[in-house]
Amino acid sequence: MASRRVWMGAACLFIAGDGMAMQARGPLLASFEAEFGASQSLLGLVAPAGTVGFVVSILAVGLFASRLDVKRTLLVGAVATAASLALLAAAPVYWVFLGALLVQGASAGVFRAIDRPLLSHLYPDTLGRVFVLYALAWAVGAVTGPIVVSAVLELTGWRWTFLLLALWFVPVAVVVAASSLPTTAWDERTIDRRELRALCRRPSIAGTLVAMALVGGIEGAIFTWLPYYVGTFTDPTLANLTLSAYLLAYVPGRLLYSRVVGRVAYVPLAIATTVFATPVLALVFYAPGGVPMLASILLAGALLSALFPVLSAFGVEAAPEYSGPVSALATGATYLGIAVAPVAIGVLAERIGIAAAMSGVVLTLCGLLVATLVSVRRLTTA
């Protein structure tokens with residue numbers, strides 16, 4: 001029991017640091033512009049640099065998880081993440097900085113390709129609750145990231161942000177190196193191409209991947225465009241705070257779901273959450289300004305915070321012997337949505353305006369509900 005908690009603690013500590021690092025990039029864009037003289041188009045490469053490395057890494061490692069030494073892989077991921085963050089702090093030119101960001105994303109992907117599958121084997125009976133708590137740790141880190149940036153910039157230069165983040169991952173590496181895995185901690189089956197195709201054709205897995213891509217699209221659109229949208233009719237400072245409020249709502253939301261998820265099945269919980277979140281999110285985009293909009297943003301964040309951990313837990317439980325590949329594919333599908341949706345919103349905004357374009361988020365949520373219902377029907381029929 002104690003050993004399981006040590007590994008759970010290491011995974012949560014890592015994911016919290018990863019959330020901090022991810023949400024620290026946006027507030028530092030102006031500092032990168034001033035330091036490196038990068039244009040706005042070059043600054044736009046910051047998000048893709050971290051995301052591409054992460055997705056490629058998590059897919060490559062996750063699909064071959066059964067062949068890897070778990071402890072060694074986690075240790076490599078933690079050490080490489082700390083080292084790449086230190087390199088970000090020392091980067092002399094912008095291209096070196098982008099390269100280090102690519103490595104940092106890839107390093108985080110190595111660790112995260114293994115940590116959730118490991119937790120699924122360590123906690124098979126309470127998988128949903130563990131995944132929600134794991135996601136809660138990310139939310140705490142994501143909310144803390146911009147606060148850390150503000151504090152660092154108030155006292156010193158932006159490079160110290162990445163040095164502090166690098167130090168965050170040192171205890172993770174120490175815990176991983178010093179701890180031993182329980183003998184039953186890893187029970188992954190090796191998967192080949194034929195089995196992978198068959199796995200993706202299962203209704204439960206196919207439904208999970210479609211749903212996760214839509215969840216990623218919703219989150220990506222909100223993370224990227226919510227402050228910009230709110231800034232069209234209110235003060236820019238207040239507009240930036242709306243995203244902080246949305247992320248902050250993830251913390252109590254996921255804390256609540258960690259208690260509920262063991263008592264309610266995954267799919268009904270996801271459907272109920274989506275049904276309630278759809279009109280709430282519509283209120284954000286169809287009734288702009290004032291207290292109702294801010295209340296809707298907070299409530300939408302609390303409701304939508306359940307979808308990623310609950311749906312990913314459903315997918316892993318549907319094929320526990322392939323938790324590494326399923327977790328990697330689900331995360332890859334999520335980040336595909338995160339990458340594609342903001343671009344689509346931008347294209348629409350140029351043609352029909354940002355307010356109308358953001359209504360696409362509500363339509364995506366409706367699509368998620370339809371995809372989940374179709375998956376449930378196919379599973380029931382099967």
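Residues numbered from 1 in each chain as written. Predicted model: local features only at pLDDT ≥ 70, side-chain atom pairs only at ≥ 80, totals over all residues. Heavy atoms only, no water.

**Q** Help me understand the overall build of the chain in this model?
**A** In terms of regular secondary structure, the chain is built from 17 helices and 0 strands. Relative to its length of 382 residues, the chain is compact, with a C-alpha radius of gyration of 20 Å against a globular reference of 21 Å. Dimensions along the principal axes, computed over C-alpha positions, put the chain at roughly 55 × 50 × 35 Å. Burial analysis of the chain (382 residues in total) assigns 53% to the buried set. Taking the intrachain contacts of the chain between residues at least 6 apart in sequence as the baseline, contacts between residues at least 24 apart amount to 85%. By element, 69% of the accessible surface of the chain is carried by carbon and sulfur atoms, the whole surface being about 16300 Å². When the 22 positive and 16 negative side-chain charges of the chain are each reduced to one mean point, those points stand 8 Å apart. (Helix = DSSP H or I, 4+ residues; strand = E, 2+ residues; numbered from the N terminus. Rg over C-alpha atoms; globule rule 2.2 N^0.38 Å. Buried < 20%, exposed > 50% of the residue type's maximum accessible area, 1.4 Å probe, protein only. Contact = heavy atoms within 4.5 Å. Areas by Shrake-Rupley, 256 points an atom, 1.4 Å probe, with all protein chains shown as cover. Lys, Arg positive; Asp, Glu negative; His and termini not counted. Charge placed at Lys NZ, Arg CZ, Asp CG, Glu CD.)

**Q** What am I meant to see in a positive patch on the surface here?
**A** On the surface, Arg193, Arg194, Arg197 and Arg201 cluster together into a patch of positive charge. Relative to the helices and strands, Arg193 is located in helix α10 (residues 193–201). (Patch = residues over 30% accessible without salt bridge, like charges linked within 9 Å, V, L, I, M, F, W, Y side chains within 5 Å. Salt bridge = Lys/Arg side-chain N within 4 Å of Asp/Glu carboxyl O.)

**Q** Can you walk me through the pattern of salt bridges in this structure?
**A** Pairing between side chains of opposite charge can happen when their charged atoms approach one another. One pass over the structure, following the stated rule, counts 2 salt bridges. Across the pair Arg112 and Asp18 runs a salt bridge whose closest N-O atoms are separated by 2.9 Å. Of this pair, Arg112 sits in helix α6 (residues 94–122) while Asp18 sits in helix α1 (residues 2–24), placing them 94 residues apart in sequence. Relative accessible area serves as the criterion here: at 7%, Arg112 is assigned to the buried category.

**Q** Looking at this model, I keep getting lost on the packing of α6 against helix α16 (residues 323–352). Mind explaining?
**A** As a packed pair, α6 and α16 sit with axes 9 Å apart at the nearest point and diverge in direction by 130°. By the angle between their axes, α6 is oblique relative to α16. Like other packed secondary-structure pairs, α6 and α16 cross with a definite hand, here right-handed. Across the interface between the two elements, Arg112, Arg116, Pro117, Ser120 and His121 from α6 touch Ser323, Gly324, Ser327, Thr331 and Tyr335 from α16. Here the contact of α6 with α16 is composed, by residue class, of 2 nonpolar, 6 polar and 2 charged. (Axes fitted to C-alpha atoms, helices over the stretch in contact; angles between N-to-C directions. Parallel < 35°, antiparallel > 145°, perpendicular 65-115°, else oblique. Left-handed = near helix turned anticlockwise from the far one by under 90°. Nonpolar A, V, L, I, M, F, W, Y, C, P; charged D, E, K, R; others polar.)

**Q** Quick question: what am I supposed to make of the environment of Ala30 here?
**A** Mapped onto the elements of the fold, Ala30 is located in helix α2 (residues 29–36). On the basis of relative accessible area, Ala30 is assigned to the exposed category, the value being 55%. Residues Ala30 and Ala86 lie 56 residues apart in sequence; the distance between their C-alpha atoms is 20 Å.

**Q** What should I look at first to understand the packing of aromatic side chains in this one?
**A** Aromatic rings considered in pairs are described by the distance between their centres and by the relative angle of their planes. Summed over the entire model, instances satisfying the criterion amount to 19 aromatic pairs. Geometrically, the ring pair formed by Phe54 and Tyr335 is tilted, given 4.7 Å between the ring centres and 45° between the ring planes. Residue Phe54 is located in helix α4 (residues 46–63), and its partner Tyr335 is located in helix α16; the two are separated by 281 residues in the primary sequence. Relative accessible area serves as the criterion here: at 4%, Phe54 is assigned to the buried category. Judged by centre distance (6.0 Å) and plane angle (70°), the rings of Phe97 and Phe162 are edge-to-face. Remark: Phe162 occurs in helix α8 (residues 159–168) and Phe97 occurs in helix α6; sequence separation between them is 65 residues. (Phe/Tyr/Trp six-rings, centres within 6.5 Å; stacked < 30°, edge-to-face > 60°.)

**Q** Help me out: how do you make sense of the nonpolar core in this one?
**A** Ranked by internal contacts, the top residues of the largest apolar core, which has 127 residues, are Phe97, Phe162 and Tyr246. The residues touching Tyr246, leaving out its near neighbours within four places in the chain, are Ile222, Phe223, Leu226, Ile297, Ala300, Gly301 and Leu304. (Core = buried A, V, L, I, M, F, W, Y, C linked by side-chain atoms within 4.5 Å.)

Function cannot be read off these values alone, since they describe shape.
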